[in-house]
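Structural features, examined
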Amino acid sequence: MKTQKLLEEETERNKDNIAHVEALQKHYDERVVAYEEVKRHAGDVMKTLQAREKEEVGLQERKKHAIGKAKKLKKSLQDV
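A few points on the structure. (Residues numbered from 1 in each chain as written. Predicted model: local features only at pLDDT ≥ 70, side-chain atom pairs only at ≥ 80, totals over all residues. Heavy atoms only, no water.)

1. Quick word on the overall build of the protein
Scanning the protein from terminus to terminus reveals 2 helices and 0 strands. Rg of the C-alpha trace for the protein: 34 Å, well past the compact-globule value of 12 Å for 80 residues, more than 25% over. With the C-alpha coordinates of the protein rotated into their principal frame, the extents come out at 110 × 20 × 10 Å. Residue burial in the protein is summarised as follows: out of 80 residues, 0% are buried. (Helix = DSSP H or I, 4+ residues; strand = E, 2+ residues; numbered from the N terminus. Rg over C-alpha atoms; globule rule 2.2 N^0.38 Å. Buried < 20%, exposed > 50% of the residue type's maximum accessible area, 1.4 Å probe, protein only.)

Take a look at the structure:
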């Protein structure tokens, strides 16, 4: 019984600290949720960016090929 009484006294003495720690924990938990959401969205954006970069490389290759073909056609028309 004496131990319980000491515990209650210590809890009462530190109630402000306990409330502060609980508030900090709540804030931390909210920030973790927000961070995870941002992290998920960043992952989605990175996937989209990689797809766009791959598409851009393909388009640049097609452009390069088309320019080469146009030069060959122009040269063949000049030779005629």
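2. Here we look at the pattern of salt bridges
Pairs may arise between side chains of opposite charge once their charged atoms sit close together. Per the stated rule, a full pass over the model turns up 2 salt bridges. With a shortest N-O distance of 2.3 Å, Arg 13 and Glu 10 are connected by a salt bridge. Highlighted residues: Arg 13 and Glu 10, both in helix H1 (residues 2-13), separated by 3 residues, approximately one helical turn. According to the relative accessible area criterion, Glu 10 is partly exposed, its value standing at 37%. With a shortest N-O distance of 3.0 Å, Glu 12 and Lys 15 are connected by a salt bridge. (Salt bridge = Lys/Arg side-chain N within 4 Å of Asp/Glu carboxyl O.)

3. Some points on the environment of Gly 58
Tracing the backbone through its elements, the reader meets Gly 58 in helix H2 (residues 15-79). With 57 residues separating them in the primary sequence, Gly 58 and Met 1 have C-alpha atoms 78 Å apart.

4. Focus: the environment of Glu 12
You can see Glu 12 is positioned in helix H1. A residue is classified by how much of its surface remains accessible, and Glu 12, at 48% relative accessible area, is partly exposed. For Glu 12 and Lys 54, which are 42 residues apart along the polypeptide, the C-alpha to C-alpha distance reads 63 Å.

5. Thoughts on the environment of Glu 61
Relative to the assigned elements, Glu 61 resides in helix H2. On the accessibility criterion, Glu 61 (48% relative accessible area) is partly exposed. C-alpha of Glu 61 to C-alpha of Glu 12: the two residues are 49 residues apart in sequence and 73 Å apart in space.

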